[in-house]
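Each chain is listed here by its residues.
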Amino acid sequence: MLFFSYFKDLVGQEVTVELKNDLAIRGTLHSVDQYLNIKLENTRVVDQDKYPHMLSVRNCFIRGSVVRYVQLPPDGVDVDLLHDAARREARGG
Amino acid sequence: MVVGLRDFTQRAGDGSGKPILDESNGEELMHVQSSVAVALGNRTVESPGTLYITSRKLIWLSDVDMAKGYAVDFLSISLHAVSRDPETYSSPCIYTQIDVEEDEDEDESDTESTGVLDLSKIREMRLVPSDSSQLDTLFDIFCECAELNPEPIEEEEEESGHNWVFSADQMDVSGGGEEDADWQISQSPTSVIGHSNGEEGLAQPMLELQINDQRFEDAEEMAHESGTKDH
Amino acid sequence: MSGEEDATVREPLDLIRLSLDERIYVKLRSDRELRGKLHAFDQHLNMILGDVEEVITTVEIDDETYEEIVRTTKRNIQFLFVRGDGVILVSPPLRAP
């Protein structure tokens with residue numbers, strides 16, 4: 001649940017979601033669910049040569065299991081908070 | 001599970017032309033959108049049909065050709081989006097990306113050139129409703145249904161009860177008995193400190209321990225403390 | 001050194017817990033490797049890494065000589081969430097004996 005909570009707190013911030021098929025989509029995080037499915041708004045495709053027709057979809061739902069990475073905004077990462085959460089999670093699991 | 005797009009021709013025989021769902025396994029019809037055209041990959045839009053959204057999959061059935069229909073599980077839909085930009089696609093549509101089996105890259109062009117369409121290799125599908133005001137509603141229903149279809153849980157062993165192989169590194173840590181013994185040795189001679197002037201023999205091993213083991217630094221402090229209390 | 005840290009290692013995840021705030025090495029599917037500071041993880045090996053260096057290794061076969069041409073692409077990312085299902089290997093920092 002650590003990352004579900006983490007991403008919920010990140011709603012409204014800009015992230016770049018990189019998929020396992022190498023597509024990278026940048027957008028505002030609109031919502032996330034417990035499976036880490038991700039909804040983005042005002043999206044744009046980073047590598048436009050590869051997927052030109054995806055240039056500007058307004059909103060986008062990305063299945064959690066196809067995500068490889070999410071690039072996080074630097075001010076959206078409180079490392080101390082994360083360390084504590086990770087330790088708590090490790091204890092609980 | 002079938003990955004990717006596939007033919008779907010199982011229509012009810014009652015003349016309604018509705019798809020036959022796997023109701024005994026809990027598949028439910030969530031939404032029906034009439035007058036939806038479909039475009040597979042880079043191909044042209046196919047004649048209008050009806051889109052059936054179930055709790056498991058998308059089914060598109062042609063209104064014209066009763067033998068024509070496609071289906072794709074929500075599990076295979078990597079992403080979906082509302083596309084309204086006329087520059088990217090001529091008509092406002094729901095854009096979907098479909099997960100396909102790997103090792104497809106080389107064959108893709110061959111399929112195109114021979115004119116035989118291999119549905120399992122289609123990576124993109126656009127659904128173009130004649131009423132584009134329905135796009136947001138469709139998007140939301142897609143989201144809802146995608147969330148109904150999380151990845152099947154892998155057959156993992158329970159969290160506890162793993163028979164992990166311990167490395168030598170770990171053995172050190174778990175072999176705490178030895179460590180305790182060290183502490184016993186290092187702490188027991190604390191009372192000796194006061195007498196060390198006279199009994200070099202006992203103080204000597206302590207000095208060596210101090211050099212060899214940093215942990216002893218703490219013990220030494222403790223020793224001083226207890227020593228002070230003693231006096 | 002945080003005093004409350006439970007240093008016992010009962011299973012591999014404990015090793016990862018002890019690597020929090022340290023640089024680790026992560027090997028991923030599709031020939032990707034990451035080096036970065038571990039800031040968070042869960043039991044699925046989802047992770048957040050900081051100051052990440054990603055290395056992608058691709059091998060191409062030369063059409064004429066049939067020799068393998070190995071290329072590596074590097075990039076740096078400040079903070080990265082890594083989904084655990086792509087993780088093959090996690091290696092804690094090397095500790096001096």
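Structure: above.
Residues numbered from 1 in each chain as written. Chains lettered and ligands numbered in written order. Predicted model: local features only at pLDDT ≥ 70, side-chain atom pairs only at ≥ 80, totals over all residues. Heavy atoms only, no water.

Undergrad: Please give an account of the overall build of chain B that cites residues and values.
TA: Tallying secondary structure elements over chain B gives 6 helices and 8 strands in all. Helices and strands in chain B line up, N terminus first, as β-β-β-β-β-β-β-α-β-α-α-α-α-α. Within chain B, buried positions represent 36% of all 231 residues. A separation threshold of at least 6 residues defines the contact pool for chain B, and within that pool the share at least 24 residues apart is 59%. Of the accessible surface of chain B, which amounts to about 13800 Å², a share of 48% is contributed by carbon and sulfur atoms. (Helix = DSSP H or I, 4+ residues; strand = E, 2+ residues; numbered from the N terminus. Buried < 20%, exposed > 50% of the residue type's maximum accessible area, 1.4 Å probe, protein only. Contact = heavy atoms within 4.5 Å. Areas by Shrake-Rupley, 256 points an atom, 1.4 Å probe, with all protein chains shown as cover.)

Undergrad: Quick one: what's the story with the nonpolar core, residue by residue and with numbers?
TA: Ranked by internal contacts, the top residues of the largest apolar core, which has 51 residues, are Phe-7, Ile-62 and Leu-72 of chain A. Contact partners of Leu-72 of chain A, with chain neighbours within four places excluded, come to Tyr-6, Phe-7, Leu-10 and Val-77 of chain A together with Ile-48, Phe-79, Leu-80 and Phe-81 of chain C. (Core = buried A, V, L, I, M, F, W, Y, C linked by side-chain atoms within 4.5 Å.)

Undergrad: Describe in detail empty space enclosed by the protein, supporting the description with residues and values.
TA: Taken as a whole and judged by the stated rule, the model has 2 cavities of 30 Å³ or more. The computed volume of the second largest cavity comes to approximately 40 Å³. Looking at the second largest cavity, the residues that line it are Phe-7, Val-32, Leu-36, Ile-38, Gly-64 and Val-67 of chain A together with Phe-81 and Arg-83 of chain C. Considered class by class, the residues forming the lining of the second largest cavity number 6 nonpolar, 1 polar and 1 charged. (1 Å grid on protein atoms, 1.4 Å probe; cavity = no way out; pocket = protein on both sides within 12 Å on 5 of 7 lines; lining within 4 Å. Points joined across faces, edges and corners; volume = space filled by probe spheres on them. Nonpolar A, V, L, I, M, F, W, Y, C, P; charged D, E, K, R; others polar.)

Undergrad: Can you tell me about the pairing of strand 1 (residues 14–19) of chain A, naming the residues and giving the values?
TA: Residues and elements named next belong to chain A. The element strand 1 is extensively covered by neighbouring structure, given that 5 of its 6 residues are classed as buried. Across 5 bridges, strand 1 lies against strand 2 (residues 24–32) in antiparallel orientation. Along strand 2, the bridge assignment pairs Glu-18 with Ala-24. (Pairing = 2+ DSSP bridges.)

Undergrad: Can you tell me about the packing of aromatic side chains, naming the residues and giving the values?
TA: If you walk through the whole model with that rule in mind, you get 5 aromatic pairs over all chains. Taken together, a centroid distance of 5.7 Å and an interplanar angle of 15 degrees make the contact between Trp-60 of chain B and Tyr-70 of chain B stacked. Residue Trp-60 of chain B is found in strand 4 (residues 57–62), and its partner Tyr-70 of chain B is found in strand 5 (residues 69–73); the two are separated by 10 residues along the sequence. Taking relative accessible area as the criterion, Tyr-70 of chain B reaches 6% and is therefore assigned buried. An aromatic cluster is present here, built from Phe-3, Tyr-6 and Phe-7 of chain A together with Phe-81 of chain C joined pairwise through their rings. (Phe/Tyr/Trp six-rings, centres within 6.5 Å; stacked < 30°, edge-to-face > 60°.)

Undergrad: Please give an account of the pattern of salt bridges that cites residues and values.
TA: Pairing between side chains becomes possible if they bear opposite charge and their charged atoms approach one another. A complete count under the given rule lists 19 salt bridges over all chains for this structure. Of the charged contacts in the structure, one is a salt bridge between Asp-22 of chain A and Arg-32 of chain C, with a shortest N-O distance of 3.1 Å. Within this pair, whereas Asp-22 of chain A is found in the loop between strand 1 and strand 2, its partner Arg-32 of chain C is found in strand 2 (residues 32–41), the two belonging to separate chains. Relative accessible area serves as the criterion here: at 8%, Arg-32 of chain C is assigned to the buried category. A salt bridge links Asp-85 of chain C to Arg-83 of chain C, with the nearest nitrogen and oxygen atoms 3.1 Å apart. According to the relative accessible area criterion, Asp-85 of chain C is partly exposed, its value standing at 30%. Each of the salt bridges in this network shares a partner with another, and the network as a whole consists of Glu-18, Asp-22 and Arg-68 of chain A together with Arg-32, Glu-54 and Arg-75 of chain C. (Salt bridge = Lys/Arg side-chain N within 4 Å of Asp/Glu carboxyl O.)

Undergrad: So, the pairing of strand 5 of chain B: which residues are in play, and what are the values?
TA: All names here are of chain B. Taken across its 5 residues, strand 5 has 5 buried, putting it largely inside the fold. Here strand 5 shows two buried faces, one formed by Gly-69, Ala-71 and Asp-73 and the other by Tyr-70 and Val-72. Here strand 4 runs beside strand 5; their pairing, made up of 5 bridges, is antiparallel. In the sheet register, Trp-60 faces strand 5, and the bridge partner there is Tyr-70.

Undergrad: Could you give an account of the interface of chain A and chain C, with specific residues and numbers?
TA: At the junction of the two partners, chain A supplies 26 residues and chain C supplies 27 residues. Together, the buried faces of chain A and chain C total about 2300 Å²; carbon and sulfur atoms form 61% of this surface. Where chain A meets chain C, there are 3 salt bridges. In this structure, the connection of chain A to chain C is made through 10 residue pairs in polar contact (both at pLDDT 80 or more). (Buried area = accessible area lost by both parts, 1.4 Å probe. Polar contact = N/O pair within 3.5 Å; in protein donor to acceptor, adjacent residues only side chain to side chain.)

Undergrad: Can you lay out the environment of Pro-12 of chain C for me, pointing to particular residues and giving the numbers?
TA: Residues and elements named next belong to chain C. With respect to the helices and strands, the residue Pro-12 is situated in helix 1 (residues 12–17). Judged by relative accessible area, which is 35%, Pro-12 ranks as partly exposed. The spatial distance from the C-alpha of Pro-12 to the C-alpha of Val-90 is 9.7 Å, given a sequence separation of 78 residues.

Undergrad: Before we move on, can you summarise a nonpolar patch on the surface with the specific residues and values?
TA: On the surface, Val-59, Ile-61, Tyr-66 and Val-70 of chain C cluster together into a nonpolar patch covering about 430 Å² of accessible area. Examined against the element boundaries, Val-70 of chain C turns out to sit in strand 4 (residues 68–82). (Patch = residues over 30% accessible without salt bridge, like charges linked within 9 Å, V, L, I, M, F, W, Y side chains within 5 Å.)

Undergrad: Explain the side chain of Arg-68 of chain A to me, and be specific about the residues and the numbers.
TA: Tracing the backbone shows Arg-68 of chain A in strand 5 (residues 67–71). For Arg-68 of chain A, a relative accessible area of 10% gives the class buried. If sequence neighbours within four positions are ignored, Arg-68 of chain A has contacts with Glu-18, Leu-19, Lys-20 and Asp-22 of chain A together with Ser-30, Arg-32, Phe-81, Val-82 and Arg-83 of chain C.

Undergrad: I'd like a description of helix 2 (residues 135–147) of chain B, backed by residues and values.
TA: Between its terminal C-alpha atoms helix 2 of chain B stretches 18 Å, which fits the 18 Å expected from 13 residues at 1.5 Å a residue. Turning to helix 2 of chain B, its buried residues are Leu-135, Leu-138, Phe-139, Ile-141, Phe-142, Cys-143, Cys-145 and Ala-146 of chain B. (Expected span 1.5 Å × (residues − 1).)

Undergrad: Could you give me a rundown of the environment of Gly-4 of chain B, with the residues and numbers involved?
TA: All names here are of chain B. Relative to the elements of secondary structure, Gly-4 occurs in the segment before strand 1 (6–7). Gly-4 sits in the buried class, given a relative accessible area of 0%. With 70 residues separating them in the primary sequence, Gly-4 and Phe-74 have C-alpha atoms 9.5 Å apart. Apart from the residues lying within four places of it in its own chain, the contact partners of Gly-4 are Ala-71, Val-72, Ser-76, Ile-98 and Asp-99.

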